[in-house]
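Spelled out, the chains give:
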Amino acid sequence: MVSAPSQSQSTIWSIPPCPHFKINFDALVSNINQVIGIGVVIGTYSGHFITGLSKKLKGPSDVQFVEALASRGAISLAKVLVIPSFILEGDASSIIKLFYNSEDILSNTGPVIEHVRCILLDQNAMDVTWIPRESNMAARNLAHYAKMSNHFESLWNFFPTFVKQLLLDESQ
């Protein structure tokens, strides 16, 4: 089950165990114009960046709902790229807990979570885990970029400069 981080838990993104990939997701909401930014980062067990996704949507500003959309975007990207085995990470503990809850979810988030659960059954997801926001900054920055951008979707095959600099700063 999901729990709060211990005092010794790192606030820096960590690589997954070999031979798995790690997929981080995040979402940001603008309540003013109902713009949603979704960010996804996929990395390898050797610490290499595989791809990133920035996606801008219009819709309701329910934070739980948009985090569920971000998780669906993350695993959909994994499915398209045929990622063989992965850990899915997000910083919204309420969403991560819903993946482990077998009860029906009677809100607009329910169908999205159920869709993610179905895809996870088809994929080789090793784990779905909560991480502190500070450990999820690459996905968060891509979500921020999406929210502010004129593009509705950007797929990154290289580290965007604004994310690369963030990770370099974290490692020092």
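How each quantity is defined
- Residues numbered from 1 in each chain as written.
- Predicted model: local features only at pLDDT ≥ 70, side-chain atom pairs only at ≥ 80, totals over all residues.
- Heavy atoms only, no water.
- Pairing = 2+ DSSP bridges.
- Helix = DSSP H or I, 4+ residues; strand = E, 2+ residues; numbered from the N terminus.
- Axes fitted to C-alpha atoms, helices over the stretch in contact; angles between N-to-C directions.
- Contact = heavy atoms within 4.5 Å.
- Polar contact = N/O pair within 3.5 Å; in protein donor to acceptor, adjacent residues only side chain to side chain.
- Buried < 20%, exposed > 50% of the residue type's maximum accessible area, 1.4 Å probe, protein only.

Draft legend 1. A look at the sheet that holds strand β2 (residues 35–43). With mixed pairing, the 6 strands of this open sheet are ordered in space as β5-β4-β1-β2-β3-β6. Each end of this open sheet is capped by a strand with a single partner; those strands are β5 (125–130) and β6 (153–156). Pairs of neighbouring strands in the sheet enclose a mean axial angle of 15°, with direction left out of account. As defined by bridge partners, strand β1 (residues 21–30) adjoins strand β4 (residues 86–90) across 5 bridges and the pair is classed as parallel. Following the sheet pairing, Phe21 is matched in β4 by Phe86. Relative to β1, helix α1 (residues 63–80) is tilted by about 145°, and along the sheet it contacts β1, β2, β3 (49–58), β4 and β6.

Draft legend 2. Inspection of the side chain of Asn24 at higher detail. Examined against the element boundaries, Asn24 turns out to sit in strand β1. One polar contact links Asn24 to Asn136, side chain to side chain, over a distance of 3.1 Å. Asn24 has contacts with Trp13, Gly39, Val40, Val41, Glu89, Ile131, Ser135, Asn136 and Ala139, leaving out every residue within four places of it along the chain.

Draft legend 3. Up close: the side chain of Glu89. Relative to the elements of secondary structure, Glu89 occurs in strand β4. Take Glu89: its relative accessible area is 7%, and that puts it in the buried class. Among all residues touching Glu89, those that are not within four sequence positions of it are Trp13, Lys22, Ile23, Asn24, Phe25, Thr129 and Ile131.

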